[in-house]
Amino acid sequence: MVSTYLNPKTVSLVQRMVKEGAVEELQKCFSSRMEFGTAGLRAAMGPGISCMNDLTIIQTTQGFCRYLEECFGNLKERGVVIGYDARAHPDSGGSSKHFASLAAAVFISHGIPVHLFSDITPTPFVPFTVSHLGLCAGVMVTASHNPKQDNGYKVYWDNGAQIVSPHDKGISKAIEKNLEPWPESWNTEEALKSPLLKDPYQDIHTQYFTKKIFFVHREINKSSEVKIVHTSVHGVGHTFVQTAFKAFDLHPPYAVEEQKDPDPEFPTVKYPNPEEGEGVLTLSFALAEREGASVVLANDPDADRLAIAEKQKSGQWRVFSGNELGALLGWWMFHCWKQENPDAAAVKNLYMLSSTVSSKILRAIALKEGFHFEETLTGFKWMGNRARDLMNQGKTVLFAFEEAIGYMCSPSVLDKDGVSAAAIAAEMTSYLATKKTSLSQQLTAIYEEYGYHITKNSYFICHDQDVIRKLFDRLRNYGDQKGSYPTKCGDFSVSAVRDLTTGYDSNQPDNKAVLPTSASSQMITFSFSNGGVATMRTSGTEPKIKYYTELCAAPGNSDVAQLNKELDALVDAIIETFFEPQKNKLQPKLE
């Protein structure tokens, strides 16, 4: 049965490897199956069980389908949604659209209704559709801002948020039990004719932009003279951001012509990741100079992240960090909310969230303004699920962000959303222009009022898991004393330690961490008596040990040069004392 449906392109890739005796390449493709985790799947497109291809997509969807059947008695009434980006890999015949069609065929073969987008869509449209239509689950076929050869399979639960444990383990087990393709799983032709297949594109396009409009300053937007450039970095964002601007009555942004249309080759950038800053924004800056624009907005290829740059009086461009944008957008969302909710008591029901490695600026704003702030583990899956829990308790979740340029500005999408964030940022810029102020000046005003929060994040590359384990074990048994953590780092005193690998937290009365713990990943946070915080963690997807540091100053302490100097000294001490890069042969980030 399986052999009838061989993909000729992956077959010829395997035949070439065999002919050339490329044993290492064959082992890479076939030795171990991709692991399904809370982020779903992400891997290179190509042949074999360790890559994204027709077979592995079918196997994954069969497992997911079986797991959903176990969890939902009404799956055949409610159904699922499937979206996809513009990625394609001609050598293996893989593409996001093709993979989405195969996933749809699997569900339809089991009598499950599928809402399959008829065209490329931003990732946030999938969780929006799950919530809006009350579906059991969502699948987005995307590798976000990964290199061009990669693809991914991202899964949302019926609460509109990404899955968290134990669903990942349940799905993974179900995949292992359903590896042999079902007879109709390959039959995309029949599936696309099925009455169970619906196209949500038009309806969702309309509903998304209607539901998003909360605090729209239409008069300001209509009369705004601010010129803005937008790039979708060869991804899906162009059409949707243009529509979002229109829905907000904003003048359309200037689109970077060379990057506005989807192109899976990403020909103008080394990495299609706006987090990389200036390199990705070179064409945007050139267009802005030609048009006299002062602000650049950039989405990543699946439009769930947003980077922003602003031209300074010096003529230089300033690319804001994710933490700085979190401060600006958090301030703006609260400013708009307060205008619509003058009742002083209403603030007690209001929440903002951020991940534990992101800036604590929202905590400082919350303390002064009286709303609630919570932090979660790293990743929007945690913030989305926590937001849903709070909303179920009748709370208002106004804003959430993570330092990796991800922002949730509306509870109708419980994930990061670069489309709504782009329109909201443009509106904030237009409002500030009426006050004769810029984004940079407003950021300074936020820090002056709530306290400067200066951050410095980076990473070391390490391919040796043993070295990583020993590095973290040393910090847990410091000075060769079992269970003892450092009390000093260079000249800086450690005031508290939280270890989310072991579940230890010295700040809690019982020394037990409140946030969920995971023994399979390394993560330790040190607080220092000078107001510094540093988190060291391993990456789940890359051979990196990351560090996130922040100096939180009290309001009134405005000596930025001194604060930067102090944070630099703290980072140097952490690197030398805790990382020991020479001894551990760690490779620093290439600037």
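Please read these numbers as outputs of a predicted model, since none were measured by experiment.

Analysis parameters
- Residues numbered from 1 in each chain as written.
- Predicted model: local features only at pLDDT ≥ 70, side-chain atom pairs only at ≥ 80, totals over all residues.
- Heavy atoms only, no water.
- Phe/Tyr/Trp six-rings, centres within 6.5 Å; stacked < 30°, edge-to-face > 60°.
- Helix = DSSP H or I, 4+ residues; strand = E, 2+ residues; numbered from the N terminus.
- Buried < 20%, exposed > 50% of the residue type's maximum accessible area, 1.4 Å probe, protein only.
- Core = buried A, V, L, I, M, F, W, Y, C linked by side-chain atoms within 4.5 Å.
- Contact = heavy atoms within 4.5 Å.
- Domains from an automatic or database assignment.
- Axes fitted to C-alpha atoms, helices over the stretch in contact; angles between N-to-C directions.
- UniProt positions renumbered as here; feature names shortened; annotations may be inferred.
- Pairing = 2+ DSSP bridges.
- Expected span 1.5 Å × (residues − 1).
- Arc of directions from axis to C-beta.
- Polar contact = N/O pair within 3.5 Å; in protein donor to acceptor, adjacent residues only side chain to side chain.

Let us now look at the packing of aromatic side chains. With the rule as written, the count across this model stands at 23 aromatic pairs. Residues W332 and Y431 carry aromatic rings whose centres are separated by 4.9 Å and whose planes lie at 45 degrees to one another, so their mutual orientation is tilted. Within this pair, whereas W332 is found in helix 13 (residues 322–340), its partner Y431 is found in helix 16 (residues 418–434), the two being separated by 99 residues in sequence. The exposure class of W332 is buried, given its relative accessible area of 1%. Of the aromatic side chains, those joined through ring pairs into one cluster are F117, F125, F128, Y201, Y208, F209 and F240.

Judged by nonpolar contacts, the single largest core of 161 residues is most densely connected at F64, Y407 and F579. Among all residues touching F64, those that are not within four sequence positions of it are F107, A137, G138, V139, Y153, V155, W157 and I171. Of all hydrophobic cores here, the second largest spans 11 residues; its members include A161, L353, F380 and A400.

The next subject is the environment of A327. With respect to the helices, strands and loops of the structure, A327 is situated in helix 13. Classification of A327 as buried rests on a relative accessible area of 0%. A C-alpha to C-alpha distance of 7.2 Å links A327 and L443, two positions 116 residues apart in sequence.

This part covers the domain arrangement of the protein. Annotation of the protein at the domain level lists domain 1 (2–203), domain 2 (209–319), domain 3 (323–449) and domain 4 (452–588). Between the C-alpha centres of domain 1 and domain 4 the distance comes to 37 Å.

Along the chain, the position of D389 falls in helix 15 (residues 380–392). Note on D389: relative accessible area 38%, which makes it partly exposed. Placed 83 residues apart in sequence, D389 and L306 show a C-alpha to C-alpha distance of 26 Å.

Turning our attention to the packing of helix 1 (residues 8–20) against helix 2 (residues 23–30). With their axes 8 Å apart at the nearest point, helix 1 and helix 2 run at an angle of 145 degrees to one another. Every residue of helix 2 that contacts helix 1 at V14, R16, M17 and V18 is listed here: E25, L26, C29 and F30.

Per the UniProt record, "domain: Alpha-D-phosphohexomutase alpha/beta/alpha" (unreviewed entry) is annotated on residues 34–179, 209–312 and 322–450. The span residues 34–179 is 38% helix and 19% strand, and its two end C-alpha atoms sit 13 Å from each other. Secondary structure across residues 322–450 comprises 54% helix and 16% strand; the distance between its end C-alpha atoms is 18 Å.

Moving on, we get to the sheet that holds strand 17 (residues 406–408). Pairing in this open sheet of 4 strands is mixed, and the strands run 15-14-16-17 from one edge to the other. With partners counted over all chains shown, the strands left at the sheet margins are strand 15 (372–376) and strand 17, one partner each. The average angle at which neighbouring strand axes cross in this sheet is 15 degrees, direction not considered. In the sheet, strand 16 (residues 396–402) pairs with strand 17 via 3 bridges, with the strands oriented antiparallel.

All right, on to the pairing of strand 20 (residues 492–499) then. The side chains of a regular strand alternate between both faces of the sheet. Most of strand 20 is tucked away: 6 of the 8 residues are buried. Counted along the chain from strand 19 (residues 488–489) to the antiparallel partner strand 20, the turn is 2 residues long, and its residue G490 has a positive phi close to 60 degrees. Here 5 bridges tie strand 20 to strand 22 (residues 523–528), and the two strands are oriented antiparallel to one another. Bridging from a neighbouring strand, V497 pairs with F526 of strand 22. Examined bridge by bridge, strand 20 and strand 21 (residues 504–505) share 2 bridges and lie antiparallel to one another. Pairing of R498 across the sheet is with D505, part of strand 21. The antiparallel hairpin formed by strand 20 and strand 21 contains 4 residues in its connecting segment, where G503 sits at a positive phi of about 90 degrees.

With that settled, consider the sheet that holds strand 8 (residues 197–198). Strands sit in the order 1-7-6-2-5-8 across an open sheet of 6 strands; the sheet is mixed. Since the sheet does not close on itself, it has two edges, and those belong to strand 1 (41–44) and strand 8, each with one partner. Here strand 2 (residues 80–84) pairs with strand 6 (residues 137–141) via 5 bridges, running parallel. Opposite G83, over in strand 6, you have M140 as the bridge partner. Packed on one face of the sheet, helix 3 (residues 54–71) meets strand 1, strand 2, strand 6 and strand 7 (150–156) and runs near 5 degrees to strand 7. Here helix 6 (residues 125–133) sits on the sheet in contact with strand 2, strand 5 (114–116), strand 6 and strand 7, set at roughly 160 degrees to strand 6.

With 13 residues, helix 1 should cover 18 Å at 1.5 Å per step; its first-to-last C-alpha distance of 18 Å lies within 8% of that length. Within helix 1, burial applies to T10, L13 and M17. Taken around the axis of helix 1, the buried residues stretch over an arc of 55 degrees, which confines them to a single face. Exposed positions of helix 1 whose direction lies more than 90 degrees from the buried face are P8, Q15, V18 and K19. Where helix 1 is buried, its residues contact helix 2. For helix 1, the N-terminal capping position is held by N7, with its side-chain oxygen 2.8 Å away from the main-chain nitrogen of K9. In the stretch just after helix 1, G21 is the one whose phi turns positive, near 65 degrees.

This part takes up unusual backbone geometry. Residues S165 and P166 are joined by a peptide bond in cis, for which omega reads 10 degrees. With respect to the helices and strands, P166 occurs in the loop between strand 7 and helix 7 (167–177). With a phi close to 65 degrees, H234 is a non-glycine residue in the positive phi region. In this fold, H234 is placed in the loop between strand 9 (228–231) and helix 11 (237–247). One non-glycine residue, K436, lies in positive phi territory at about 60 degrees. Assignment of secondary structure puts K436 in the loop between helix 16 and helix 17 (439–450). Here K436 falls in the exposed class, since its relative accessible area comes to 75%.

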